[in-house]
Amino acid sequence: PVTISKDRKPIKTGFFLYKYENEKIVDESIQWIEAEDGYIDIFEDVKRLFPYVIGGDTAGDGSDNFAGQVIDNTNGRQVARLKQQFDEDLYAKQMYCLGKYFNTALIGIEVNFSTYPVKELQRLGYPKQYMREEEDTVTNKIEKKYGFKTTKLTRSLIISELVEIVREHTELFNDMDTLNEM
């Protein structure tokens, strides 16, 4: 079993509050709210002008949590995580705020169970979502689509890479919950 040297305490725990006007989040209104029972843990605060990426996982059939992992794109280190059972629209809005907070991070959400969060981020005008390319089976044209899919072909590769990263670089992770989820 993989362990980490210590389960780091977050420097902040809470969630984002925002104004919602004309079916959009008012970016200037986004604010961090400290809350002991919050569902976002920040282990390292945002560094100005640094690039971040956020991976998202929906709750699937509803028995799981919605999740988001914020990674410092310069060193691969986990700097924040979101974990909660939400309604999909609230998950998308918190991911929007989390992305904005971390320098408008690139967000990639898995779309195996639902495309709603990526469509909601698009509707809200979030400017940096991961896009995959798929070939249209009728026209053979390449289409760009938001979010990533885990397929029979990619699943084993993803798991193998993740096993290696966890085994060789446990210092990149800040909490056992994340390792247990994996």
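Data block above holds the structure.
This one's a predicted model, so the numbers in the text were calculated from it and none came from an experiment.

Participant: An account of the pattern of salt bridges is requested, with residue identities and associated values reported.
Facilitator: If you walk through the whole model with that rule in mind, you get 13 salt bridges. Among the ionic pairs, Arg-77 bridges to Glu-44, the shortest N-O distance being 2.4 Å. In this pair, Arg-77 is assigned in the loop between strand E7 (66-72) and strand E8 (78-84) and Glu-44 in the loop between strand E5 (40-42) and strand E6 (52-57), connecting sequence segments 33 residues apart. Like Glu-44, Arg-77 is buried.

Participant: Tell me about the sheet that holds E7, and please be specific about residues and values.
Facilitator: The sheet built from seven strands is open, its strands ordered E4-E1-E5-E8-E7-E6-E9 with mixed pairing. With partners counted over all chains shown, the strands left at the sheet margins are strand E4 (31-34) and strand E9 (106-109), one partner each. On average, each strand axis in the sheet is tilted by 25° relative to the strand beside it, whichever way the strands run. Two strands pair when backbone bridges link them, and strand E1 (residues 12-17) and E4 are joined in this way by four bridges, in the antiparallel orientation. Pairing of Phe-15 across the sheet is with Ile-33, part of E4. Its contacts with the sheet put helix H1 (residues 88-101) on E1, E5, E6, E7, E8 and E9, and the angle it makes with E6 is roughly 170°.

Participant: Let's hear about the side chain of Lys-93: which residues, and what values?
Facilitator: Within the secondary structure, Lys-93 is located in helix H1. Given a relative accessible area of 8%, Lys-93 falls into the buried group. Aside from chain neighbours lying at most four places away, what touches Lys-93 is Tyr-18, Tyr-20, Ile-25, Glu-120 and Leu-124.

Participant: So what's going on with the packing of aromatic side chains? Residues and values would help.
Facilitator: In the structure shown here, the tally under the stated rule is eleven aromatic pairs. The interplanar angle of 75° and the centroid separation of 5.5 Å between the aromatic rings of Tyr-96 and Tyr-126 together place this pair among those described as edge-to-face. Here Tyr-96, found in helix H1, pairs with Tyr-126, found in the loop between helix H2 (116-124) and strand E10 (131-135); they are 30 residues apart in sequence, far enough to count as distant. Taking relative accessible area as the criterion, Tyr-96 reaches 3% and is therefore assigned buried. The exposure class of Tyr-126 is buried, given its relative accessible area of 5%. Consider the rings of Tyr-101 and Phe-102, whose centres lie 5.2 Å apart with planes at 75°: the pair is edge-to-face. Taking relative accessible area as the criterion, Tyr-101 reaches 21% and is therefore assigned partly exposed. The class for Phe-102 is buried, based on a relative accessible area of 0%.

How each quantity is defined
Per-chain numbering applies: the sequence of each chain, read as written, is numbered from 1 onward. Per-residue local features are limited, in this predicted model, to residues with pLDDT of at least 70; the limit for side-chain atom pairs, both in listing and counting, is 80 or more; totals at the level of whole chains, interfaces and linings are taken over all residues. With hydrogens and water stripped out, all remaining heavy atoms of the structure feed into the side-chain values. Any Lys or Arg side-chain nitrogen located within 4 Å of an Asp or Glu carboxyl oxygen qualifies as a salt bridge. To qualify as a helix, a DSSP run of H or I must reach at least 4 residues; to qualify as a strand, a run of E must reach at least 2; elements of each kind are numbered from the N terminus. Burial classification: accessible surface area is computed with a 1.4 Å probe over protein chains only, and a residue below 20% of its type maximum counts as buried, one above 50% as exposed, and the rest as partly exposed. When DSSP finds at least two bridges between two strands, those strands are taken to pair. Whenever a helix is involved, its axis is fitted only over the stretch in contact; in every case the axis is a line through C-alpha atoms, and angles between N-to-C directions fall within 0 to 180 degrees. In this description, contact between two residues means that some pair of their heavy atoms is separated by no more than 4.5 Å. Note on aromatic contacts: the rings of Phe and Tyr and the six-membered ring of Trp form a pair at centre separations within 6.5 Å, being stacked when their planes are under 30 degrees apart, edge-to-face when over 60 apart, and tilted otherwise.

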